[in-house]
Each structure stands twice: as C-alpha cells, then as structure tokens.
Amino acid sequence: MEINGLLLRKYPLGEIDRIFVLYTLEKGRIRAVGSGAQKMKSRWTGVVEPFQLIRADIQTRKDPSLFRIDGAECNRRFQKIVADLERLDAAYGVLEILDRFTPEGDANPQLYRLIVDVLDRIDTGLFDSRFWLRVFQLRFFALAGYEPTLDRCIRCGKRRGTRSAYFTVPEGGVVCKSCCGAESERILLSGPTIELIRKILGEETFPDLRDLPIRKFIEETGPMVSTGFEYYFEGSLRSGGILREMRPD
Ligand SMILES: [Zn+2]
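All figures in this text were calculated on a predicted structure; none of them were measured in a lab.

*Asks:* How do you make sense of the nonpolar core when you look at a structure like this?
*Replies:* Grouped burial of nonpolar side chains is what soluble globular proteins tend to show. Grouped together as the largest cluster of nonpolar side chains are 56 residues, with contacts concentrated most on L22, A91, V94, V118, L119 and W132. If you count residues domain by domain, this core takes at least three from each of domain 1 (2–77) and domain 2 (80–246). Ignoring anything within four residues of it in the chain, the contact list for L22 reads G5, L6, L7, L8, I30 and A32.

*Asks:* How should the pairing of strand β4 (residues 52–60) be read in this particular structure?
*Replies:* Residues in a regular strand project their side chains so that they alternate between the two faces of the sheet. Bridge count for strand β1 (residues 2–13) against β4 is five bridges, and the pairing is antiparallel. Directly across from L6, in β4, lies its bridge partner L53. Two strands pair when backbone bridges link them, and β4 and strand β5 (residues 66–77) are joined in this way by nine bridges, in the antiparallel orientation. Residue pairing for β5: A56 is matched across the bridge by A72. Hairpin geometry of β4 and β5 is characterised by an intervening segment of five residues between the two adjacent antiparallel strands.

*Asks:* Explanation requested: the packing of helix α5 (residues 191–202) against helix α6 (residues 214–233) in the structure shown.
*Replies:* Between two packed helices, the angle of one axis relative to the other and the distance separating the axes together describe the packing. The geometry of α5 relative to α6 is characterised by a closest axis approach of 9 Å and an angle of 85° between their N-to-C directions. Between α5 and α6, the crossing angle belongs to the class labelled roughly perpendicular. Together, T193, L196 and I197 of α5 and K216, F217, E220 and T221 of α6 make up the contact between the two elements. By residue class, the composition of the contact of α5 with α6 is three nonpolar, two polar and two charged.

*Asks:* Help me understand the sheet that holds strand β6 (residues 165–168) in this model?
*Replies:* The pairing of strands in a sheet happens through backbone hydrogen bonds and is either parallel or antiparallel. In spatial order, the strands read β7-β6-β8; together these three strands make up an open sheet with antiparallel pairing. Pairing within the sheet leaves two strands with one partner each, and these edge strands are β7 (173–175) and β8 (187–189). Averaged over all adjacent pairs, the angle separating strand axes in this sheet is 45°, with direction ignored. The pairing of β6 with β7 spans three bridges and is classified as antiparallel. Bridge pairing in β7 places Y166 opposite V175.

*Asks:* Please explain the pairing of strand β2 (residues 17–24) as it appears in this structure.
*Replies:* Bridge analysis of β1 against β2 gives eight bridges, and the strand direction is antiparallel. From the neighbouring strand, K10 faces β2, where its bridge partner is F20. The loop that links β1 with its antiparallel partner β2 comprises three residues; one of these, G14, has a positive phi angle of about 65°. Across seven bridges, β2 lies against strand β3 (residues 28–34) in antiparallel orientation. Residue pairing across strands places F20 opposite A32, the latter belonging to β3. Linking β2 to β3, which pair antiparallel, is a turn of three residues.

Rules behind the numbers
Residues numbered from 1 in each chain as written. Predicted model: local features only at pLDDT ≥ 70, side-chain atom pairs only at ≥ 80, totals over all residues. Core = buried A, V, L, I, M, F, W, Y, C linked by C-beta atoms within 7 Å. Buried ≥ 20, exposed ≤ 12 C-beta atoms within 10 Å, placed from the backbone. Domains from an automatic or database assignment. Contact = placed C-beta atoms within 7 Å. Pairing = 2+ DSSP bridges. Helix = DSSP H or I, 4+ residues; strand = E, 2+ residues; numbered from the N terminus. Axes fitted to C-alpha atoms, helices over the stretch in contact; angles between N-to-C directions. Parallel < 35°, antiparallel > 145°, perpendicular 65-115°, else oblique. Nonpolar A, V, L, I, M, F, W, Y, C, P; charged D, E, K, R; others polar.

Purely spatial values, then, with no claim about function.
Quick look at the structure:
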C-alpha cells in the first residue's frame, strides 16, 4: 500500500538494514524495515530523511507491527528547517512528541494536517519557531481530549473576563484568584496569554500574529505544557526550545 508521511527517527537493524519510525496519514505512527538501507548509495539515501514529506510503498510482514518499505520518494523538503538551528530545535520538538506520545498504528488525519501546517510555519514563518512548537503542543493536547477550560473558573464557574488566572493541570482549567489556595502546581497565566491560547484552540486557521504578546505567551505556557505532558502522558519533554534556553539572549 501507499502511505504519505514523515520520518521521526531511524535506527540500525543488524548489519545492513534499518528501521524507520514514520508518522503517516494513513496509519499513524508505524515502524518499517528498509532492507539494505545502511549501504552507501542505497536507494534510500536522501529520501527517507527527517523534515521531508515522503510517499512510500509499504508491505505487511509476518510481524504485523513491522512493515517493509519497498520504495519511497520525497514530495516536499522543509529546506529552512534543516538549515537553521532554531527552526530545527522546534521541529525536533514536534517529532519527539509524535514519536513518544502517539499510539502505534492509529491514524489521525487531523493530527497529520496539524503536523504539516506547523512544520510549514516553522519552515517559512518569520516568527519565533518556538511559538509554532507551542501551537502544536496546545493543539496536540486538545486533539487528545485535554482541551483546557479557559473562559470560566472551573471551581466556582465565575466568568474570567479578561483577567489573569491560575491554571491547574490536574483540573484542566483556570481557577480564579479567590478560589485558588496555595497549591504548588498552580501556573499563573496573564489575560492576553489566555486569550491567545483560546484563539489558537478555537480557530481552524492560525491566528494573525501581529501585535500579539508572543514572547510572554511562550514563557507563560512553558510550565503548562511541560506539566501537561508529565501529567497526561507520563513523560517529560527532552527537546524543543532547549537550544534557546542554553544561550544568553
Ligand atoms: Zn472561582
């Protein structure tokens, strides 16, 4: 069968073969063996590589969880991602989440569309690449069923208005200041950041970013996202934005 997808990572299998972990439109995350893929100048060279969209022919084998790749071609290369460390760092953050937190063999066309859109923005966008990684992370939560409640306090139901509020990951929403005790896991989000999260989650298209408080949004949503992955998916993130944090601005 024919699949459309992108490479998440690859690793050797024996002396000459390789296993490719792919995220595909048709089957979600899959693993596939490329025979002879480690040989120099094999037909895989330059095709099944990170940050390009590929079309490949795959076959099932005796082990139904491991496919075999028979041929592949590249449909699109994200040229700027591979040429720029900041873009690369954010884009690896996307791949890491797909590799670690999506179920094997479970197609999710909505998620696939999101991946392509976000990689496209990281590749061609003028804005901070970390912003697009954050958009991906927030929409990934929503697609997995963890869309946060942001318009009202989840304890007393009072409308939040435009004020800042505390977000609690275990409850999946904001808590107004009068309801919030001294819980250690509370995360303060400013009013504009909460509005931007709502825009990102509420609109099919991506928001127009001019005049939006992007930097503050990236900082404030950092703890929300990292705690979210720990709490909902039981794993902490390794990559994505690491580069920037290591470097003095
Ligand atoms: Zn309240």
